[in-house]
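Below are the chains, spelled out letter by letter.
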Amino acid sequence: MDFKEMYKETVDGLRPSSELVNRIRSNKEVEMRVPNKKKMVVLALVACMLVGTTAFAASRITRYVGWSNPNSATVDYDETVKVAEKMGVAKDILQQFSNGYVFAMSNVGGTTGLDEKGNTVAEGETLEVTYTRENSPDINLFIDPLFETGDYSNATEAREINGVMVYYNKDFYKFVPADYKMTEEDQARMDEPHFYLSYGSSEVEEKISEGIVFETDNKIYNMFCWDANMTPDEWFAMAEELLQ
């Protein structure tokens, strides 16, 4: 297997299943609308979102376009650090966390904020880093440009670490086909801040998204994993290592 195939498999691993989510941050542009109160997430946008229950304050930005190119991916840690240096985040690219997660690969992409007429309001580079651990799902770190401050009032848990507020979210996603009819249970859960009904899959599938998010140095950091089965303490410990 060559590297491009390996990269594709790793990125595909972020998806709940091989047919469930469009390629995450692929070389095709992915559009994301600012989350609305109805809590119905278009499935192709889930991976681009990657900010748990984060909501954005009202602004001229009404949607985001994210992109990345597998051809720019690398498994070389030193090369990743050089790229991170240019972005001003080199100190945050750890080779290994104390819980055993180690650097596996990285990729560079971009995020563009658009207004309701499709005009570019803001844009910047994104760094994606994948960490692996034996017998555990991959964890992905996304460092994106901070266009606007998020509203984290619905975070599952929050802690201040080295002067930075870090938010942990554990969200329940129910992926359903486009013609899916909501059940009474779905209707009852729609007001829950950590329940998302996501349309676009070929069959009904349930997954748990876990991760942390924080803002610092004009960047937004998001670490994300499907079905990680980690405690909040473990996630906050990883955040503390990033924030040293």
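Here's what I pulled together on the structure shown here.

Cut-offs used in this document
- Residues numbered from 1 in each chain as written.
- Predicted model: local features only at pLDDT ≥ 70, side-chain atom pairs only at ≥ 80, totals over all residues.
- Heavy atoms only, no water.
- Helix = DSSP H or I, 4+ residues; strand = E, 2+ residues; numbered from the N terminus.
- Salt bridge = Lys/Arg side-chain N within 4 Å of Asp/Glu carboxyl O.
- Buried < 20%, exposed > 50% of the residue type's maximum accessible area, 1.4 Å probe, protein only.
- Phe/Tyr/Trp six-rings, centres within 6.5 Å; stacked < 30°, edge-to-face > 60°.
- Lys NZ or Arg CZ within 6 Å of the ring centre and 35° of its normal.
- Pairing = 2+ DSSP bridges.
- Contact = heavy atoms within 4.5 Å.

1. Concerning unusual backbone geometry
Working step 1: Phi is positive for Asp217, which is not a glycine, with a value near 50°.
Working step 2: By the element assignment, Asp217 lies in the loop between β12 (205-216) and β13 (219-226).
Working step 3: For Asn229, which is not glycine, the phi torsion reads 55° and is therefore positive.
Working step 4: In this fold, Asn229 is placed in the loop between β13 and α5 (232-242).

2. Section: the pattern of salt bridges
Working step 1: For the structure shown, the criterion picks out six salt bridges.
Working step 2: One salt bridge connects Glu157 with Arg159, and the closest N-O pair in it is separated by 3.0 Å.
Working step 3: Judged by its relative accessible area of 28%, Glu157 is partly exposed.
Working step 4: On the basis of relative accessible area, Arg159 is assigned to the partly exposed category, the value being 29%.
Working step 5: The closest approach of N and O atoms between Lys207 and Asp227, which form a salt bridge, is 2.8 Å. Of this pair, Lys207 sits in strand β12 while Asp227 is found in the loop between β13 and α5, placing the two residues 20 residues apart along the sequence.
Working step 6: Taken together, the shared-partner salt bridges connect Glu157, Arg159 and Asp233 into one network.

3. Remarks on the packing of aromatic side chains
Working step 1: Taken as a whole, this structure holds 11 aromatic pairs when the rule is applied.
Working step 2: Between Phe172 and Phe195, the aromatic rings sit 5.7 Å apart at their centres with planes inclined by 15°, giving stacked as the arrangement. Note that Phe172 is positioned in strand β10 (residues 164-176) and Phe195 in strand β11 (residues 195-199), a separation of 23 residues in sequence.
Working step 3: Taking relative accessible area as the criterion, Phe172 reaches 18% and is therefore assigned buried.
Working step 4: Overall, Phe195 belongs to the buried group, its relative accessible area being 1%.
Working step 5: An angle of 15° between the planes, with centres 5.0 Å apart, marks the rings of Tyr173 and Tyr196 as stacked. Taken together, the residues span a long stretch of sequence, with Tyr173 in strand β10 and Tyr196 in strand β11 at a distance of 23 residues. Of the two residues, Tyr173 and Tyr196, neither departs from the other in class, the shared state being buried.
Working step 6: Ring pairs connect the aromatic residues Tyr173, Phe175, Tyr196, Phe224 and Trp226, which therefore count as one cluster.
Working step 7: One cation-aromatic arrangement involves Arg189 over Phe172; the distance from NZ or CZ to the ring centre is 4.6 Å.

4. So, the pairing of strand β6 (residues 120-132)
Working step 1: Pairing analysis gives 12 bridges linking strand β5 (residues 102-114) to β6, with the strands arranged antiparallel. Bridged to Gly110 within β6 is Glu125.
Working step 2: Hairpin geometry of β5 and β6 is characterised by an intervening segment of five residues between the two adjacent antiparallel strands and by a positive phi of about 90° at Gly118.
Working step 3: Pairing of β6 with strand β7 (residues 139-145) involves five bridges; the strand directions are antiparallel. Its bridge partner lying in β7, Leu127 is registered against Ile143.
Working step 4: The turn linking β6 back onto β7 is made up of six residues, and Asn135 within it adopts a positive phi angle of 60°.

5. Quick notes on α5
Working step 1: When α5 is considered as a whole, its buried residues turn out to be Trp235, Phe236, Met238, Ala239, Glu241 and Leu242.
Working step 2: Those residues of α5 that are buried lie in contact with β7, β9 (157-161), β10, β12 and β13.

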